[in-house]
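Architecture and fold: a report
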Amino acid sequence: MKITKICCIGAGYVGGPSCAVIAHKCPDVTVTVVDLSQERIDQWNSDNLPIFEPGLEEVVKSCRGKNLFFSTEIDKTIIEAELIIISVNTPTKTYGLGKGRAADLKYIESAARKIAEVSTSSKVVVEKSTVPVKAAESVNNILSANHKHGVRYQVLSNPEFLAEGTAISDLLFPDRVLIGGPQTPEGREAIDALSWVYQHWIPMEKIITMNTWSSELSKLAANAFLAQRISSINAMSAICEATGADVSEVSHAIGTDTRIGARFLQASIGFGGSCFQKDVLNLVYLSECLNLPEVAAYWQQVIEMNEYQKRRFANRIISALFNTVANKKIAIFGFAFKKDTADTRETPSLYICKYLMEEAALVSIYDPKVDHKQIVSDLTDPAVSDKETVDKLVTITTDPYEAAKGAHAIVICTEWDEFKTYNYQRIYDSMLKPAFIFDGRMILDHQSLLELGYHVETVGRRLVRNSVNRLQAMPK
Ligand code: NAD
Ligand code: UDX
């Protein structure tokens, strides 16, 4: 089977960058990314891409208009392609059965129905969205129940492991590519066809093939394991704060054990992003449906710990500020869920703002990439606050110095590199005293800040200045 045209349904954080890299690396293949949203497609075709991702613009510009296209002509693109990648969103359900936990598969289903409706030739259909185990069976059922004479489908699972902020390097140099498919001659042929695409830049030994259900579950498992590491180190951070141990030292100590490994052991104000919570909840729901309540409870605890960490950090701010933040200006540095992205989905910063606003704090938000409209839209979500409260309590600035001016405290919510380079003397001079910094990402030089006169609090470590101005853990 020769692949000359690929159609990707869904021009989001995954569809856009992953197909741009495929087009960039496979000049002999035409890749068209389609979406229902005209606005999103127009942005992909403009100089102002809809998502910020280091290196993305260069990759898009290298092949857009040559073998990479963005379009709303969904039917035509499906008809022409031999391989169709489904990369639509699979958010947590907000209604009905499984509300708040199960993945909402309505976009997957509508993509599958569209493929069945318009296809006039056989296709390889690739599930790239993150889905519950056995979702490929539903896609297959929809396709085969509606197939036309002579049209056959092979459904593969090819989950995406990119992380935002590093998407392009993750796509160019992945740890592995996973392809799951039916263990039949036709299934193997489809797996080989998709594998051929990746082999343009990825060594064979990094392309792992397996059965469809293992592949679907592996994606949920990978995110659950990563999220669990963060919740585990955050649980340790609470013990550190209560005892005088230092979570960075604990991370280092356990991370040097090669069986544990050093990555994803950074204590924080909790994980955010569109994937971890959604996918762990998805796994919890799946376990419940499989009548495995102990397994469900085990993974649910990863989410509980994350909620606890966000709430605990907000409570520390309030208690350090003499148990009241009402009418106090508090500067929030960072609104994105991590650095190098403008994505705010499930950002812990939003929860910190929400908890502080519930205590009537005046929050002044600065983020280098997230735009004003997005911040207002997130804060006025009914689950967070309302327009009247936001108008009264929130200011959004494009200047961090302005955000901190006259503030009682600065709260670092995102680990943007630029936060490390500010003139903290100038900021200190403009703040009310005592001036507090709550470093929720452990990125600043705490000793220098203490020397400037700040009261510094961070995650998993208690700080005091001793007589020779050296940091030490505070004795119990
Ligand atoms: P997204 O919301 O950014 O993009 C999804 C796009 O699909 C939207 O633009 C939407 O308009 C479009 N869409 C929905 N239904 C459609 C249809 N029937 N026809 C055409 N277009 C349609 O989502 P995302 O962040 O790119 O995530 C996509 C999938 O990839 C999800 O399952 C997610 O869990 C998974 N994933 C995401 C990441 C990440 O970092 N964001 C990483 C790995 C996997
Ligand atoms: C994640 C997975 O890493 C990726 O493989 C998957 O495809 C999508 O979900 P993403 O959410 O984009 O990627 O970013 P990631 O780097 O995993 O960070 C998620 C959250 O965890 C962020 O809020 C980050 O700040 C936080 N985090 C990460 C920590 O708090 N500590 C860490 O040690 C690592």
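Residues numbered from 1 in each chain as written. Chains lettered and ligands numbered in written order. Predicted model: local features only at pLDDT ≥ 70, side-chain atom pairs only at ≥ 80, totals over all residues. Heavy atoms only, no water.

Quick word on the overall build of the protein chain
The line we're drawing: Here a strand is any run of E in DSSP of at least two residues, a helix any run of H or I of at least four, and the numbering for each starts at the N terminus. Put simply, the radius of gyration uses C-alpha atoms, and a globule should come to 2.2 Å times the residue count raised to 0.38. Here's how the labels work: a residue is buried when its accessible area is under 20% of the maximum for its type, exposed when over 50%, partly exposed in between, all with a 1.4 Å probe on protein chains only. Contact between two residues is taken to exist if any of their heavy atoms lie within 4.5 Å; hydrogens are not considered. The protein chains shown are the only cover counted for residues, whose accessible areas, like all others here, come from Shrake-Rupley with a 1.4 Å probe. In this tally Asp and Glu are treated as negative and Lys and Arg as positive; neither His nor the chain ends contributes. The location of each charge is read from NZ of Lys, CZ of Arg, CG of Asp or CD of Glu.
If you tally the helices and strands in the protein chain, you get 18 helices and 16 strands. On C-alpha atoms alone, the protein chain measures out to a radius of gyration of 24 Å, which is about the 23 Å that the 2.2 N^0.38 rule sets for 476 residues. By residue count, 53% of the 476 residues in the protein chain fall in the buried class. Sequence-distant contacts, at least 24 apart, represent 74% of the contacts inside the protein chain between residues at least 6 apart. Only carbon and sulfur atoms are counted for the fraction: they give 53% of the accessible area of the protein chain, which is about 21,100 Å². Counting 51 positive and 57 negative side-chain charges, the protein chain places the averaged centre of each group 2 Å from the other.

Notes on the domain arrangement of the protein chain
As a reminder of what qualifies: Just so you know, the domain bounds were taken from an automatic or database domain assignment. Summed over both partners, the accessible surface that disappears when two parts come together, traced with a 1.4 Å probe, is what is meant by buried area. By definition here, a salt bridge exists when the distance from a side-chain nitrogen of Lys or Arg to a carboxyl oxygen of Asp or Glu is within 4 Å. In the analysis that follows, any N or O atom pair within 3.5 Å is treated as a polar contact, provided that within protein one partner can donate a hydrogen and the other can accept it, and provided that, for residues neighboring in sequence, both atoms belong to side chains. Put simply, Ala, Val, Leu, Ile, Met, Phe, Trp, Tyr, Cys and Pro go in the nonpolar bin, Asp, Glu, Lys and Arg in the charged bin, and everything else, Gly too, in the polar bin.
We note that the domain assignment places domain 1 (5-208) and domain 2 (211-476) within the protein chain. Distance between the C-alpha centres of domain 1 and domain 2: 33 Å. Counting residues at the interface gives 36 residues for domain 1 and 26 residues for domain 2. Regarding the contact of domain 1 and domain 2, the summed buried area is about 2,500 Å², with carbon and sulfur atoms giving 58% of it. In this assembly, domain 1 and domain 2 are joined by two salt bridges. Note that Arg101 and Glu288 form a salt bridge whose closest N and O atoms lie 2.3 Å from each other. Scanning the region where domain 1 abuts domain 2 turns up ten residue pairs in polar contact (both at pLDDT 80 or more). For the side of domain 1 that touches domain 2, the elements supplying multiple residues, two or more each, are helix 6 (135-145) and strand 7 (177-180). Classifying every residue of the side of domain 1 that touches domain 2 by side-chain character gives 18 nonpolar, ten polar and eight charged.

Brief notes about the pairing of strand 9 (residues 329-333)
Basically, it comes down to this: At least two bridges found by DSSP between two strands are what make those strands a pair. Clockwise travel from the first strand over the helix to the second, with the strands pointing away from the viewer, marks a crossover as right-handed.
With respect to burial, strand 9 is a largely interior element, four of its five residues being buried. Examined bridge by bridge, strand 9 and strand 10 (residues 362-366) share five bridges and lie parallel to one another. Each residue of the ladder has a partner; that of Ala331, found in strand 10, is Ser364. Running through helix 13 (residues 348-358), the crossover from strand 9 to the neighbouring parallel element strand 10 is right-handed. As defined by bridge partners, strand 9 adjoins strand 12 (residues 409-412) across four bridges and the pair is classed as parallel. From the neighbouring strand, Phe333 faces strand 12, where its bridge partner is Ile412.

Points about the UniProt feature "active site" (unreviewed entry) in the protein chain
Rules: UniProt positions are given in the numbering used here, feature names are shortened, and annotations may be inferred rather than shown by experiment.
UniProt records the feature "active site" (unreviewed entry) at Cys275, using the numbering of this structure. Positionally, Cys275 belongs in the loop between helix 10 (247-255) and helix 11 (276-289).

Concerning the site of ligand 1
Keep this limit in mind: Proximity is defined per residue: any heavy atom of the residue falling within 4 Å of a molecule or strand makes that residue near it.
Neighbouring residues of ligand 1: 26 residues in total, closest Val14, Asp35, Arg40, Thr90 and Lys278. One of the backbone nitrogen or oxygen atoms of Leu36 is found 3.5 Å away from a nitrogen atom of ligand 1. A distance of 3.0 Å separates an oxygen atom of ligand 1 from a polar side-chain atom of Arg345. Relative to its free-state accessible area of 840 Å², ligand 1 is covered by the protein chains to the extent of 91%. Looking at side-chain class alone, the shell around ligand 1 contains ten nonpolar, nine polar and seven charged residues. Among the domains, domain 1 (5-208) and domain 2 (211-476) are the pair contributing at least three residues each to the shell around ligand 1.

Here we look at helix 5 (residues 106-118)
The condition is simple: A helix is expected to span 1.5 Å for every residue after the first.
Taking 1.5 Å of rise per residue, the 13 residues of helix 5 would be expected to cover 18 Å, and the 18 Å separating its terminal C-alpha atoms lies within 8% of that figure. Listing the buried residues of helix 5 in full gives Ile108, Ala111, Ala112, Ile115, Ala116 and Val118. Check the buried side of helix 5 and you find it contacts strand 1 (5-9), helix 4 (74-80), strand 4 (83-86), strand 5 (123-127), helix 6 and strand 6 (153-157).

Let's talk about the sheet that holds strand 13 (residues 436-439)
Heads up, the condition is: Orientation is described by axes fitted as lines to C-alpha atoms, over the contacting stretch for helices, and by angles from 0 to 180 degrees between their N-to-C directions.
Pairing within the open sheet is parallel, and its six strands lie in the order 11-10-9-12-13-14. Among the strands making up the open sheet, the edge pair consists of strand 11 (394-397) and strand 14 (455-458). Neighbour-to-neighbour, the strand axes of this sheet turn through a mean angle of 20°, independent of strand direction. Examined bridge by bridge, strand 13 and strand 14 share four bridges and lie parallel to one another. The residue of strand 14 that forms the bridge with Phe436 is His455. Against the sheet, helix 14 (residues 372-379) makes contact with strand 10 and strand 11, and its axis sits at roughly 155° relative to strand 11, the strand it touches most.

Quick word on the packing of helix 1 (residues 15-25) against helix 3 (residues 56-63)
Which entries qualify depends on this criterion: Angles are sorted into four bins: roughly parallel if under 35 degrees, roughly antiparallel if over 145, roughly perpendicular if 65 to 115, and oblique for all others. Left-handed describes a crossing whose near helix is turned anticlockwise from the far helix by less than a right angle; the clockwise case is right-handed.
Packing of helix 1 against helix 3 brings their axes to within 9 Å, and their N-to-C directions diverge by 50°. Comparing their axes, helix 3 and helix 1 come out oblique. The two elements helix 1 and helix 3 cross, and the hand of that crossing is left-handed. From helix 1, Pro17, Ala20, Val21, Ala23 and His24 reach across to helix 3, where they touch Leu56, Val59, Val60, Ser62 and Cys63. Here the residues of the contact of helix 1 with helix 3 are counted per class, giving eight nonpolar, two polar and no charged.

Looking at the nonpolar core
Inside soluble globular proteins, nonpolar side chains tend to come together where they are buried. Which entries qualify depends on this criterion: Among the buried residues, those of types Ala, Val, Leu, Ile, Met, Phe, Trp, Tyr and Cys that are joined through side-chain atoms within 4.5 Å form a nonpolar core.
In terms of nonpolar packing, the biggest core is built from 64 residues, with Ile330, Phe333, Leu379, Tyr424 and Tyr454 touching the most fellow members. For Ile330, the residues in contact, after removing those within four places along its chain, are Ile317, Leu321, Val325, Leu356, Ala361, Leu362, Val363, Ser364, Ala409 and Val411. Within the second largest apolar cluster, 44 residues are counted, among which are Phe70, Ala167, Ile168 and Ala190.

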